[in-house]
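# Fold and geometry: a report
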Amino acid sequence: MKSKFRYSLENFRGIAIIFVMLSHIRSFQEIEQIGGYLYYIVGDATAWFVFISGYLFYYLEVNKFEYRAYISKKARYVIMPYLILSFPAILFLVMTYQYRLYGLTPLTFILWSLTSGGIAVGPMWFIPMITIFFLFTPIFIILSKSKLLCTLTAISLAFSIFSARPVYNTNAILSFLHFFGFYLLGILAAKNSIFLEELRTTTKITIIFISFSFFVFFCFLFPGLESMPNGFLSGLGMLNYILAGKLFLLIAIFFLFEQFFEHENKTLGFFAKISFGLFFIHGFMEVIFNKMWKNINYFNSIIKLVAEIIIVIFVSVAIVFLAKRILKKWSRYVIGC
């Protein structure tokens, strides 16, 4: 039986990629007084993509899962674009002798860059991490059928919100552990999709209200960016306000879209369909902005923020659009969409 297409999840993915791109806009942090709170709103939206990955894995794959075909598809449409786009950036760092800063040889620097992901282009750290999720899919099949799924999800989410990312996102295994709970939450939501869909409207609205209230509550408690731990180990046992907020905002948006946006939305659908392309390209735009236009006199931080958003988001959209037009059916192998 073919799974029902869920426009609510597609729309959610469109929102998620916008938040991910905004989370890498550094100018947010330069706005006095409210900059930290703005980052609280957009930061760590990666958790939403992990949730969506877990949801789609169960919803689309679990009843017809074939490991070799699944890994082959991910290798072609995720790993190959990662390698094609990462290698020139890494090679540039090698040619400018950046590997000496880490005490590595050119070869070991290349290998380390590819396995950690974010050395040359920051957001690329996500691909080595999500690859671990891909490789462990047989285990997730087992977990999805276990009676302990709810308990394990709750424990894993608690670990997520009382931990932090590794230093500079350079350890895919630690990132995997940090976001593990959100992937399980996606599986749990997909497994119970019919039950969640059939909840009464008043129940969904109550969940939305309570979840959004917790999101705002943690925003008021957020002590600021300077209080954030600088690594996975230093963050163990500390409440991660941003990720806790993202969990409750995730729940609010999920039920909001389930109830009111289970229909085609051309704008969000457009962003969802090119989300992987935007993910790959916007990191390069962020690097270019910070290398070429960061130190221009913008007169105030708001103008600089607008300039960075234009370069990182709108130029990325234009590049992805042109790449798809030029590459046609090959674009999925180069930019992932």
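For the structure itself, look to the data block above.
Below is a short write-up of the structure. Fair warning: this is a prediction, and the values are worked out from it, not measured in the lab. (Residues numbered from 1 in each chain as written. Predicted model: local features only at pLDDT ≥ 70, side-chain atom pairs only at ≥ 80, totals over all residues. Heavy atoms only, no water.)

## Quick notes on the packing of helix α1 (residues 7-23) against helix α2 (residues 35-42)
To be explicit about the condition: Lines fitted to the C-alpha atoms define the axes, with helices restricted to the stretch that makes contact. Angles between their N-to-C directions range from 0 to 180 degrees. Counting from the N terminus, the helices are DSSP H or I runs at least four residues long and the strands are E runs at least two residues long. Helix crossings are classified by the rotation of the near helix relative to the far one: an anticlockwise turn of less than a right angle makes the crossing left-handed, while a clockwise turn makes it right-handed. Any two residues whose heavy atoms approach within 4.5 Å at even a single point are treated as in contact. Charged residues are taken to be Asp, Glu, Lys and Arg, nonpolar residues to be Ala, Val, Leu, Ile, Met, Phe, Trp, Tyr, Cys and Pro, and polar residues to be all remaining types, Gly included.
Viewed as axis vectors pointing N to C, α1 and α2 meet at an angle of 145 degrees, and their least axial separation amounts to 9 Å. Seen along the crossing, α1 lies across α2 with a hand that is left-handed. Contact residues: Phe19, Leu22 and Ser23 in α1; Tyr39, Ile41 and Val42 in α2. For the contact of α1 with α2, a count of residues per class yields five nonpolar, one polar and no charged.

## Section: empty space enclosed by the protein
Stated precisely, the cut-off is as follows: Every definition here rests on a 1 Å grid over the protein atoms only: cavities are sets of points where a 1.4 Å probe fits but cannot get out, pockets are open sets enclosed by protein on both sides within 12 Å along at least five of seven lines, and lining residues have some atom within 4 Å of a point. Grid points are joined across faces, edges and corners, and a volume is the space filled by probe spheres set on the points.
Scanning the model with the defined rule gives two cavities of 30 Å³ or more in all. Each pocket or cavity is described by its volume, and for the largest cavity that value is around 100 Å³. If you go around the largest cavity, the residues you meet are Ile17, Val20, His24, Thr46, Phe49, Pro123, Trp125, Phe126, Ser275, Phe276 and Phe279. Mapped onto the lining of the largest cavity, the elements with two or more residues apiece are α1, α3 (46-61) and α15 (275-292). Looking at the lining of the largest cavity residue by residue, the class counts come to eight nonpolar, three polar and no charged. By volume, the second largest cavity is sized at about 30 Å³. Around the second largest cavity, the lining residues are Ser86, Ile90, Ser113, Gly117, Ile119, Ala120, Val121 and Met124.

## Re helix α6 (residues 126-135)
Quick note on the threshold: Any residue under 20% of the maximum accessible area for its type is buried, any over 50% is exposed, and the rest in between are partly exposed; the area is computed with a 1.4 Å probe on protein chains only.
Of all the 10 residues making up α6, nine are buried; the element is thus mostly covered by neighbouring parts of the structure. Of the residues making up α6, those classed as buried are Phe126, Ile127, Pro128, Met129, Ile130, Thr131, Ile132, Phe133 and Phe134. In the core, the buried residues of α6 are packed alongside α3, α4 (67-95), α5 (106-116), α7 (137-144), α9 (172-191) and α15.

## Examining the packing of aromatic side chains
This is how it is decided: Working definition: rings of Phe, Tyr and Trp (its six-membered ring) pair if their centres are within 6.5 Å, and the pair is stacked with planes under 30 degrees apart, edge-to-face with planes over 60 apart, and tilted otherwise. Charge-over-ring contacts are defined here by two conditions on Lys NZ or Arg CZ: a distance within 6 Å of the ring centre and an angle within 35 degrees of the ring normal.
Considering all chains together, one arrives at 46 aromatic pairs under this definition. Seen from their ring centres, Phe276 and Phe279 are 6.4 Å apart, and the 85 degrees between their planes marks the pair as edge-to-face. Within this pair, Phe276 and its partner Phe279 are both found in helix α15, separated by three residues, close to a single helical turn. Overall, Phe279 belongs to the buried group, its relative accessible area being 8%. The cationic tip of Lys246 hangs over the ring face of Tyr40; the distance from NZ or CZ to the ring centre is 5.8 Å. Note that Arg332 overlies the ring of Tyr77, its terminal NZ or CZ placed 3.6 Å from the centroid.

## Section: the layout of surface pockets
Estimated volume of the second largest pocket: approximately 1,400 Å³. Along the wall of the second largest pocket there are 43 residues; nearest its centre are Arg13, Leu56, Phe57, Tyr59 and Leu60. Taken together, the elements giving at least two residues each to the lining of the second largest pocket come down to α1, α3, α4, α6, α9, α10 (193-197), α14 (266-273) and α15. If you tally residues by element for the lining of the second largest pocket, the top one is α3, at 10 residues. Residues of the lining of the second largest pocket, tallied by class, amount to 24 nonpolar, six polar and 13 charged.

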